[in-house]
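# Survey of secondary and tertiary structure
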Amino acid sequence: MSETKTEINLEEALKRLTEIVKSLEQNDGALEQSLKLFEEGVTLARACHGKLTEAEQRIEILSRITAQGVETKPLSSS
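Remember, predicted model here, so these are calculated numbers, not experimental data. (Residues numbered from 1 in each chain as written. Predicted model: local features only at pLDDT ≥ 70, side-chain atom pairs only at ≥ 80, totals over all residues. Heavy atoms only, no water.)

## Looking at helix α2 (residues 31-67)
In a regular helix each residue adds 1.5 Å, so 37 residues correspond to 54 Å; α2 covers 53 Å between its end C-alpha atoms and thus fits that length. When α2 is considered as a whole, its buried residues turn out to be S34, L37, E40, G41, L44, A47 and C48. Where the residues of α2 are buried, they touch α1 (10-26). G69 occupies a position one or two residues after α2 and carries a positive phi of about 80°. (Helix = DSSP H or I, 4+ residues; strand = E, 2+ residues; numbered from the N terminus. Expected span 1.5 Å × (residues − 1). Buried < 20%, exposed > 50% of the residue type's maximum accessible area, 1.4 Å probe, protein only. Contact = heavy atoms within 4.5 Å.)

Here's what the structure looks like:
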């Protein structure tokens, strides 16, 4: 999946992961196809983990700032 090498949308990645899991659970594909799906799934899972870790770090920073009584502003989406 070439999209994983660039910017990936978390929701779309999770949707694709769900599709991959369903396909692998049905076990109706050839071994080589199953391995390709598994590899794609691992790549997507790593990308999702990275996005979630990044979000967690941003929340932690904002929580610290707010706890110190500093006024916060929304982050720009640039």
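## Things to note about the nonpolar core
For soluble globular proteins, the rule of thumb is that nonpolar side chains tend to be buried together. Listed in full, the eight residues of the largest apolar core are I8, A13, L17, I20, L37, L44, A47 and C48. Sorting elements by how many residues they give to this core places α2 first, with four residues. (Core = buried A, V, L, I, M, F, W, Y, C linked by side-chain atoms within 4.5 Å.)

## Regarding the pattern of salt bridges
With the rule as written, the count across this model stands at three salt bridges. Between E19 and R16 there is a salt bridge, with the nearest N and O atoms lying 3.2 Å from each other. With E19 and R16 both in helix α1 and three residues apart, the pair spans about one turn of that helix. On the accessibility criterion, E19 (39% relative accessible area) is partly exposed. Take R16: its relative accessible area is 23%, and that puts it in the partly exposed class. With a shortest N-O distance of 2.9 Å, E40 and R16 are connected by a salt bridge. Taken together, the residues span a long stretch of sequence, with E40 in helix α2 and R16 in helix α1 at a distance of 24 residues. Because the salt bridges share partners, they merge into one network encompassing R16, E19 and E40. (Salt bridge = Lys/Arg side-chain N within 4 Å of Asp/Glu carboxyl O.)

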